[in-house]
Amino acid sequence: MPDTVLKLSNITKSFGGNVVLNKINLELEEGQVHAIVGENGAGKSVLVQVIAGIHRKDSGEIEIDGKRADILSPKHARNYGISVIFQETFLFDHFTIAENIFLKDAPIKIGLINAVDMQKLYGNAQDILDRLEFPLDARTCVRELNLAQRRMVEIARAFTRQSRIIIMDEPTSSISRAESLPIFKMINLLKANGKSILYISHRLEDVLEIADKITIIKKGIILDTFDNKNIDYKDVIDILSINSYKNAYPILDVKKGKEVFSVRNLCVDNYLDDINFTLYQGEILGISGLAGSGRSELAKTLFGFMKKSCGAFYMNGHKVRINSIMDSIKHGVAYIPENRMDEGAFLNLSIIQNLLSTQRPRLLKNSMNSKDKALRYINKVHLEADNLNNQLFTLSGGNQQKLLLIKWFITNSRIFIFNEPTKGIDVASKVDIYNLMNDLIRKGASLIIISSDVDELIGISDRIIVLYNGAIIKEFGKETATVENINYYCYGGK
Amino acid sequence: MFAAERIRLIKKLLLENKKVDVSELSNLLSVTEVTIRRDLEKLDNENFLIRTHGGAILNEEKLAAENWPYESIKDDFFLEKSIIGKIASLMVRDNDTIILGPGITCLHIAKNISEKKNLRVVTNDINIATELANESPNIKVVLTGGDLDPSTLQLSGTLTESILDGIYVNRSFIEVDGVHMENGYSVESIEKASVIKKIMSKSKESIAVCDYSKFNSTSFYYLCPITTFSKVISNEQVPGNYKQYFFENGIKLFITYDVYEG
């Protein structure tokens with residue numbers, strides 16, 4: 001019976017009243033690859049961050065080797081022998097592989113001046129690369145490496161730190177299947193060396209290939225844990241597809257009008273391949289796909305935020321140029337981003353300044369007018385703000401999201417692109433957002449909704465297109481869209 | 001004080017006095033004259049009043065032209081109800097058969113369905129039947145008989161119910177007078193509750209309508225539990241715990257945002 005190296009009991013974590021991890025119980029055994037599978041927003045990354053000491057748990061216990069472990073900072077985690085390989089790599093571009101591997105623990109040559117023993121550094125690094133069977137030269141500069149190779153460097157670093165528990169957060173995201181193979185090989189080597197690996201992924205085929213145990217998480221709750229032997233693709237899809245709020249989405253069924261927007265042969269290098277679709281007046285078009293499917297890139301390209309490499313946009317039948325955000329605003333396109341902290345909101349500006357951020361101030365008179373207009377809008381949504389001159393972050397997440405939506409109402413937009421419209425906001429605000437969508441469609445606007453919450457997409461969309469590896473692989477109408485069907489194609493089914 | 005409350009108070013004063021004064025309102029409500037002017041502008045846009053130098057007067061002509069029963073104009077939640085009427089009308093299809101239950105909110109629905117084709121409406125509210133007869137002659141109207149309540153012009157009693165017995169419809173709109181987590185839905189009289197229960201039993205789908213002031217309150221007579229209606233139409237001011245409860249229990253809550261101007 002192998003030893004349990006990491007044990008989580010009743011781990012709970014919430015952000016601003018929003019429970020993201022709900023009584024998580026998990027055991028990781030020595031020499032085991034334990035995969036955690038779930039959609040975006042299921043709580044996987046937060047779980048990693050709690051174990052890594054980045055976020056503190058609200059309650060529950062972490063045990064390492066049967067002893068209670070208080071992990072309060074990333075340093076604590078490292079001292080307990082935990083290494084994390086994040087989705088985004090943290091490497092110094094201008095350093096060599098060897099320098100990155102031994103960043104803190106480089107071998108020192110004692111002499112007149114204590115200096116790094118470069119020969120030993122490269123020798124040791126090359127040793128490790130060879131042992132892990134990475135086909136790389138330790139003297140190569142990191143900026144010359146692709147994403148898959150960078151991840152391998154990070155893994156080598158974890159290996160040299162004598163980490164016993166290695167957590168990998170989506171190690172194969174944004175890289176091809178062929179590039180993933182060396183990573184899988186390396187995971188097996190680590191396993192043979194007695195390391196324990198927590199493998200976070202939403203790529204089911206990868207997980208089924210390398211994991212010993214599979215835990216399925218959804219909306220912060222663990223649904224089930226299996227031995228890989230006893231489960232197949234279809235079973236996991238079925239468990240992932242249990243839907244909860246099927247009938248709760250209050251979306252009006254309005255009459256659809258003429259074609260307002262269409263995309264022809266859209267390509268973006270490395271991200272999107274020959275995308276075609278048409279949007280009608282009053283319609284809600286859902287776009288489904290896992291992280292890395294190209295769904296966010298599609299949203300950004302439609303908004304002129306990412307450069308397309310080929311293809312064309314048509315509005316009301318006329319070809320239009322959308323190459324910048326200014327272009328898209330001019331054509332009445334609005335974008336409500338996935339990550340409002342980074343892309344949409346100016347947290348330190350006041351509520352009113354945020355509302356006016358889509359306006360181009362020209363004349364004082366103009367700006368007075370739009371300020372008046374902004375105030376009227378705020379009154380109409382009953383935003384409970386004491387003072388509109390307060391900074392944006394004084395509002396709750398739900399109210400921030402409403403504000404980011406309302407600011408586009410002022411620009412007379414006709415096409416609204418939502419990227420994760422209700423991610424991380426409270427349920428009451430969700431209901432508000434859906435009803436604001438109703439206000440848009442009943443007055444003839446058209447919506448494109450990108451969401452990792454398949455339940456939500458089905459609840460609100462008239463049509464759903466599924467993206468996989470940057471291409472549209474399936475389209476569903478209201479009658480055929482089920483969580484099972486959509487998940488099947490999202491996870492690469494044919 | 002929130003803008004919505006302020007506007008409601010201004011409306012109330014207007015309906016009672018037929019005119020208001022900017023500086024008086026500013027003193028009364030402790031907000032600047034600029035704010036008051038903005039509120040008046042809003043109500044002007046809604047055709048509720050006509051702005052004058054230093055104040056505003058009630059737009060009686062407009063309100064009279066729309067044939068509103070006097071009591072309903074005095075309603076504190078006139079605007080809230082009127083948008084509920086618009087949203088509800090989007091749930092009425094061409095070729096539909098519906099029942100409009102008794103009440104002012106249902107009257108607002110009746111005012112928004114004149115464009116529908118081949119529609120049949122059953123009602124026990126004389127105000128609604130009159131409105132449809134005047135403004136939407138293409139709609140087939142069935143008025144139930146029954147005992148007349150002279151103050152509301154609504155019909156009820158065994159005769160009303162026995163007529164409803166023979167009728168089947170696709171959907172009905174039910175105006176409720178109280179919505180409460182524990183006490184469920186309630187209405188103001190036993191007679192009304194009895195007719196509404198009959199209406200609900202004759203409809204494939206029943207939709208509850210009421211302005212937000214009815215939430216967290218209980219009226220005289222119990223109608224049904226809180227989970228009964230699968231669709232509810234009200235306003236954005238509905239308390240957050242109800243929004244959450246409805247969503248988590250698979251009930252669609254439509255609220256009447258009216259922000260986008262296209």
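Higher on the page you've got the structure.
Everything numeric in this text was worked out from a predicted model, so none of it was measured.

1. Focus: the pairing of strand β1 (residues 4-15) of chain A
All names here are of chain A.
Right, on to step 1. When β1 meets strand β2 (residues 18-29), the two strands line up antiparallel, connected through 8 bridges. Each bridged residue has a counterpart across the sheet, and for K7 the counterpart in β2 is E27.
Right, on to step 2. In the sheet, β1 pairs with strand β4 (residues 59-64) via 5 bridges, with the strands oriented antiparallel. Bridge pairing in β4 places L6 opposite I64.

2. What to know about the sheet that holds strand β17 (residues 318-320) of chain A
Residue and element names in this part refer to chain A.
Right, on to step 1. Across the sheet, 4 strands lie side by side as β14-β13-β16-β17; this open sheet has antiparallel pairing. Of all the strands in the sheet, the pair left with one neighbour each is β14 (272-280) and β17. Between one strand axis and the next, the sheet turns by 20 degrees as a mean value, whatever way the strands run.
Right, on to step 2. In this sheet, β17 lies alongside strand β16 (residues 310-315) in antiparallel orientation, the contact comprising 3 bridges. Residue pairing across strands places Y314 opposite K319, the latter belonging to β17.
Right, on to step 3. Contacting β13 (259-268) and β14, helix α9 (residues 295-302) runs over the sheet at an angle of about 60 degrees to β14.

3. Describing the sheet that holds strand β22 (residues 471-477) of chain A
Residue and element names in this part refer to chain A.
Right, on to step 1. A sheet is described by the order of its strands in space; here 6 strands give the open sequence β18-β19-β20-β15-β21-β22, paired in mixed fashion. In this open sheet, the two edge strands, each paired with only one partner strand, are β18 (333-336) and β22. Sheet twist, expressed as the average angle between the axes of neighbouring strands with direction ignored, equals 20 degrees.
Right, on to step 2. Sheet topology note: the strand β15 (residues 284-288)/strand β21 (residues 463-468) ladder contains 4 bridges and is parallel. Bridging across to β21, G286 finds its partner in I464.
Right, on to step 3. The strands touched by helix α17 (residues 483-490) are β15, β21 and β22; relative to β21, the strand with the most contacts, the crossing angle is about 25 degrees.

4. Structural notes on the packing of helix α1 (residues 3-17) of chain B against helix α3 (residues 33-45) of chain B
Residue and element names in this part refer to chain B.
Right, on to step 1. Between α1 and α3, the least distance of the axes is 10 Å, while the angle of their chain directions is 70 degrees. Of the possible angle classes, the one that applies to α1 and α3 is roughly perpendicular. In this structure, the crossing between α1 and α3 has a hand that is right-handed. Contacts from R6, I7, I10 and K11 in α1 reach D39, K42 and L43 in α3.
Right, on to step 2. Looking at the contact of α1 with α3 residue by residue, the class counts come to 3 nonpolar, no polar and 4 charged.

5. Regarding the interface of chain A and chain B
Right, on to step 1. With 31 residues of chain A in contact, the opposing surface of chain B contributes 25 residues.
Right, on to step 2. Counting residues per element, the ones that place at least two in the side of chain A that touches chain B are α13 (364-381), α14 (397-409) and α15 (427-442) of chain A.
Right, on to step 3. Residue contributions to the side of chain A that touches chain B peak at 11 residues, all from α15 of chain A.
Right, on to step 4. Residues that form the side of chain A that touches chain B fall into these classes: 17 nonpolar, 6 polar and 8 charged.

Quick notes on the rules
Every chain begins its residue count from 1, and numbering advances along the sequence as written. Labels are handed out in written order, letters beginning with A for the chains and numbers beginning with 1 for the ligands. Reporting in this predicted model follows two pLDDT cut-offs: at least 70 for local features of residues, and 80 or more for side-chain atom pairs to be given and counted; totals over whole chains, interfaces and linings ignore these cut-offs and use all residues. By this definition, two strands are paired if DSSP reports at least two bridges between them. Helix and strand assignments come from DSSP, with helices taken as H or I runs of at least 4 residues and strands as E runs of at least 2, each series counted from the N terminus. Axes here mean lines fitted to C-alpha atoms, for a helix over just the part in contact, with angles spanning 0 to 180 degrees between N-to-C directions. For the purpose of contact definition, each residue receives a C-beta atom placed from its backbone, and two residues are in contact when these atoms lie within 7 Å. We call two directions roughly parallel when the angle between them is under 35 degrees, roughly antiparallel when it is over 145, roughly perpendicular when it lies between 65 and 115, and oblique otherwise. Helix crossings fall into two classes, left-handed where the near helix is turned counterclockwise from the far one by less than a right angle and right-handed where it is turned clockwise. The residue classification treats Ala, Val, Leu, Ile, Met, Phe, Trp, Tyr, Cys and Pro as nonpolar and Asp, Glu, Lys and Arg as charged. All others, Gly included, are polar.

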